[in-house]
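Summary of the model geometry
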Amino acid sequence: MTTNTRVRPDMPPREVRIPAPDGGRLWAERNGTGSPVVLLHGAGMDSRLWDAIVPELARHHDVIRYDARGLGRSTPPDKPFSDVEDLRAVLDHFGLRRAALVGLSMGGETALDFALAHPERVTALALIGASVSGHVWPQSLELSAYAAARRERATATLAELELAIWAAMGRTAPGGELIETMVASNAEQRVVSEEHCVVSTGRDAEPHLADIAAPTLVVHGEHDHPEIAVIAERLVADIPRACGETIPDADHYLPLRTPERLTKLLLSHLP
């Protein structure tokens, strides 16, 4: 069942559970009115990442956020699935022919892959601390340990490394408690989800960035992992209609570290 009914700004958010393409349910929330925007969180997180962004964004837009497969309140996968197909299922459920996509980290990667596979359905992109399918990350001791923890399902170690590498500003910085809570609650689920996730576009995005037609905003935090800045530079250089912003006082969890600044950038960019 699909619905394209708009939600009035004075109405509470509506929660739904959307059938996923290969079984299970995706938790989603819709809030606000205006042109549609879909928010996609990163790996090891859930849609609480956007808690400080949604209220103001929903005053101007029809905002949809959802928990990726196996994370947050969405059911875990038991067979191969595609994040790109899950995103399409979300759009179809809400009867949205086109929408702007705002994605952080893994969510940015999904947004890019979707824009290459379904360019006619994307009005704009906002890529925040985004990863890109096909990008070769440089070797380092910390990233090798991170990959090993994921591979070995060492969830406690994985959660510690997630915070050390990606939430470098620590617990006392804005959003610190919520970041720790999200990472801890999703550490076990993420390894199951990542083991079942497959790429469905048939190609890596990085060599095809010039094919992205949507106007694109690229944002990263000054205290994010250095390779994120490298990726951001590549995105701005290779996507034809891209512009970039670096935000001080933010690491990888930028929507919780500097929500006001990010919201202002999004409202200026989104159609």
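Placed above this text is the structure.
Another aspect to go through is unusual backbone geometry. A positive phi angle, near 55°, is found at S105, a position not held by glycine. Relative to the elements of secondary structure, S105 occurs in the loop between β5 (99-104) and α3 (106-117). Notably, D249 is not glycine yet its phi reads approximately 60°, a positive angle. Looking at the element boundaries, D249 is found in the loop between β8 (242-247) and α8 (254-257).

With that settled, consider the pattern of salt bridges. Evaluation of the coordinates by the stated rule reveals 15 salt bridges. Residues R73 and D67 are paired through a salt bridge, measuring 3.4 Å at the closest nitrogen-oxygen approach. A salt bridge links E85 to R88; the nearest nitrogen and oxygen atoms lie 2.5 Å apart. Within this pair, E85 and its partner R88 are both found in helix α2 (residues 83-93), separated by 3 residues, close to a single helical turn. We classify E85 as partly exposed; its relative accessible area is 23%. The partly exposed category is assigned to R88, whose relative accessible area is 29%. One continuous salt-bridge network, built from bridges that share partners, spans E29, D51 and R65.

Let us look at the sheet that holds β8. Taking strand neighbours across the sheet as the criterion, the 8 strands line up as β1-β2-β4-β3-β5-β6-β7-β8 in an open arrangement whose pairing is mixed. At either margin of the open sheet sits one strand with a lone partner, and together these are β1 (14-19) and β8. Across the sheet, the axes of successive neighbouring strands diverge by a mean angle of 20°, strand direction being ignored. Bridging between strand β3 (residues 35-40) and β5 involves 4 bridges; their strand directions are parallel. What sits directly across from V38, in β5, is L101. Contacts from α2 reach β1, β2 (25-31), β3, β4 (61-66) and β5, with the element oriented near 125° to β1.

Rules used throughout
Residues numbered from 1 in each chain as written. Predicted model: local features only at pLDDT ≥ 70, side-chain atom pairs only at ≥ 80, totals over all residues. Heavy atoms only, no water. Helix = DSSP H or I, 4+ residues; strand = E, 2+ residues; numbered from the N terminus. Salt bridge = Lys/Arg side-chain N within 4 Å of Asp/Glu carboxyl O. Buried < 20%, exposed > 50% of the residue type's maximum accessible area, 1.4 Å probe, protein only. Pairing = 2+ DSSP bridges. Axes fitted to C-alpha atoms, helices over the stretch in contact; angles between N-to-C directions. Contact = heavy atoms within 4.5 Å.

Read these as spatial facts, not as claims about activity.
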